[in-house]
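# Observations on chain architecture
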Amino acid sequence: MVHFNRRKALALMGAATAATGLAAPAIAQNRKITVGALRFTSHSGSFIAVEREYFKQAGLDVELKFFQAAPPMATAIASGDVDYAVTAMSGGLVSLADKGAIKIIGGGLSEEEGIDGQKILASDAAFQAGLTSPAMLDGKTFGMSSAGSSFHYMGSKIAAAEGVSLSFKPLQKVGAIIGALKSGQIDAWSIVPHIAKPLAGSGAVHIIGDVADYLPGYQVTTVFTSAKNAADERGMTSDFLSAFSNGVADYNATMIDKAGGDEGVAEMVDLIHKYVYTDRPREKAAPSIINGTMRLNEGAALNMASLQDQLNWYQAEDLVGADITIDTVVDSSYVKTLS
């Protein structure tokens, strides 16, 4: 991919616009946009694109807006409070897509073979009582933010694979789920490693399995926007995805491939710590940030087979309409798709 600096882009803008008939790119408009995120390392593509000015170089004046769970972000996109966001596909997101409000336009994070991914956790009380593997989940209580959330999907798929029955408890926010797990109010949960590993290290919970063993290639998070942005603001949307993907590439090169060595990792940890574990001193936050490293989707590529499986599950659970197709939910014209 070729990247132009601001001067070159401005020089070429007039000719490109005349040749294609498209709207002027965002770099000429200095568009102010709001990007939704969670304070997870898996959202580092957005953080890096802000800090290293990839958004700014694309002519986008970005404000980050933080949420405590995935479903509210879909509502914020639909209402226009947020322009772009990275979050899990959920029943609420699918329903809003069916109403013509939002579209998935790219991938954020996927489970990948060889990369330590999301963990299945048990409370200490449940672990001591025999919940030492996912096969022992029968009759146990599994935490989720809300019905139709990614936690609901993961728990159900794990239970189906093991032939067990789970009881789901909606707790709305990640912090509330963590509190319930640590206190034994719920028995189990699944979450990204930068949260799972420190919890397990404290002894309050125990890791009993890996999500990837049940959902290989799982498209954990997606990049999405309003249907209007996807259809009518193609220049701005492409600029956003390009800048976001630059942030993703930096993260993968530094944290997964170790291209900058230990010094590069330390610098990246400093950057991410501005957004993740901000209530902890750097020396205590760093191990969690490093241990939570998962490869982000290069170029915001999308695993369409995983998204189709998620849609099928939502429909089988009667959480969304049976006639909704994947094309209703996803605009696959912006990025490379995987199947």
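## So, the sheet that holds strand S3 (residues 84–87)
- The sheet built from five strands is open, its strands ordered S2-S1-S3-S10-S4 with mixed pairing. Either end of the sheet is taken by a strand with one partner, and the two such strands are strand S2 (60–66) and strand S4 (102–110). Taking the axes of each pair of neighbouring strands and ignoring which way they run, one obtains an average angle of 20° across the sheet.
- Pairing of S4 with strand S10 (residues 219–226), which is carried by seven bridges, proceeds in the antiparallel orientation. Opposite Ile104, over in S10, you have Phe224 as the bridge partner.
- Contacting S3, S4 and S10, helix H6 (residues 91–98) runs over the sheet at an angle of about 150° to S4.

## A short note on the packing of aromatic side chains
- A complete count under the given rule lists twelve aromatic pairs for this structure.
- For the ring pair Phe151 and Trp189, a centre distance of 5.5 Å and an interplane angle of 55° mean the geometry is tilted. Taken as a pair, Phe151 in helix H8 (residues 150–162) and Trp189 in strand S8 (residues 188–191) lie far apart in primary sequence, 38 residues in all. In this structure, Phe151 and Trp189 share a single accessibility class: buried.
- Where Tyr153 meets Trp313, the ring centres are 5.6 Å apart and the plane angle is 75°; that geometry is what we call edge-to-face.

## Structural notes on empty space enclosed by the protein
- Here the structure, examined in full by the defined rule, presents one cavity of 30 Å³ or more.
- Each pocket or cavity is described by its volume, and for the largest cavity that value is around 170 Å³.
- Lining the largest cavity are 19 residues; nearest its centre among them are Leu38, Phe40, Ala88, Ser150 and Phe151.
- Elements with a minimum of two residues in the lining of the largest cavity: H8 and S10.
- For the lining of the largest cavity, the element with the most residues is H8, which contributes three residues.
- Along the lines of polarity and charge, the residues of the lining of the largest cavity split into eleven nonpolar, eight polar and no charged.

## Some remarks on the side chain of Gln219
- Along the chain, Gln219 turns up in strand S10.
- A residue is classified by how much of its surface remains accessible, and Gln219, at 0% relative accessible area, is buried.
- A polar atom in the side chain of Gln219 sits 2.9 Å from the backbone oxygen of Thr221.

## As for unusual backbone geometry
- With a phi close to 55°, Tyr277 is a non-glycine residue in the positive phi region.
- Here Tyr277 is to be found in the loop between helix H13 (261–273) and helix H14 (282–291).
- Notably, Asp318 is not glycine yet its phi reads approximately 60°, a positive angle.
- Looking at the secondary structure, you find Asp318 in the loop between helix H15 (304–316) and helix H16 (326–329).
- On the basis of relative accessible area, Asp318 is assigned to the exposed category, the value being 68%.

## Remarks on the pattern of salt bridges
- Considering all chains together, one arrives at 14 salt bridges under this definition.
- Its salt-bridge partner being Lys119, residue Asp210 comes within 2.6 Å of it at the nearest N-O pair. A residue pair is termed long-range when its members are at least 10 positions apart, and Asp210 in strand S9 (residues 205–210) and Lys119 in strand S5 (residues 119–123) qualify at 91 residues.
- With relative accessibility at 27%, the residue Asp210 sits in the partly exposed group.

## Overview of the confidence of the model for the protein chain
- In the predicted model, the protein chain carries a mean pLDDT of 89, and the fraction of residues at 70 or more is 91%.
- Overall, residues 1–27 carries pLDDT values under 50, and its contacts beyond four positions in sequence, including any with other chains, amount to 24 contacts.

## A closer look at the nonpolar core
- Of all hydrophobic cores here, the largest spans 109 residues; its most connected members are Trp189, Ile195 and Phe240.
- No other element matches helix H12 (residues 234–256), which puts nine residues into this core.
- With residues up to four places along the chain from it excluded, the contact list for Trp189 reads Lys119, Ile120, Leu121, Phe142, Gly143, Phe151, Val174, Ile177, Ile178, Leu181 and Ile195.

## Notes on the environment of Val192
- Turning to its location among the elements, Val192 is positioned in the loop between S8 and helix H10 (193–202).
- A relative accessible area of 6% means that Val192 is categorised as buried.
- Residues Val192 and Ser42, 150 residues apart in the sequence, show an inter-C-alpha distance of 8.2 Å.
- Leaving out residues up to four positions away in the same chain, Val192 has contacts with Phe40, Leu109 and Gln118.

The rules behind the values
Residues numbered from 1 in each chain as written. Predicted model: local features only at pLDDT ≥ 70, side-chain atom pairs only at ≥ 80, totals over all residues. Heavy atoms only, no water. Pairing = 2+ DSSP bridges. Helix = DSSP H or I, 4+ residues; strand = E, 2+ residues; numbered from the N terminus. Axes fitted to C-alpha atoms, helices over the stretch in contact; angles between N-to-C directions. Contact = heavy atoms within 4.5 Å. Phe/Tyr/Trp six-rings, centres within 6.5 Å; stacked < 30°, edge-to-face > 60°. Buried < 20%, exposed > 50% of the residue type's maximum accessible area, 1.4 Å probe, protein only. 1 Å grid on protein atoms, 1.4 Å probe; cavity = no way out; pocket = protein on both sides within 12 Å on 5 of 7 lines; lining within 4 Å. Points joined across faces, edges and corners; volume = space filled by probe spheres on them. Nonpolar A, V, L, I, M, F, W, Y, C, P; charged D, E, K, R; others polar. Polar contact = N/O pair within 3.5 Å; in protein donor to acceptor, adjacent residues only side chain to side chain. Salt bridge = Lys/Arg side-chain N within 4 Å of Asp/Glu carboxyl O. pLDDT = per-residue confidence, 0-100. Core = buried A, V, L, I, M, F, W, Y, C linked by side-chain atoms within 4.5 Å.

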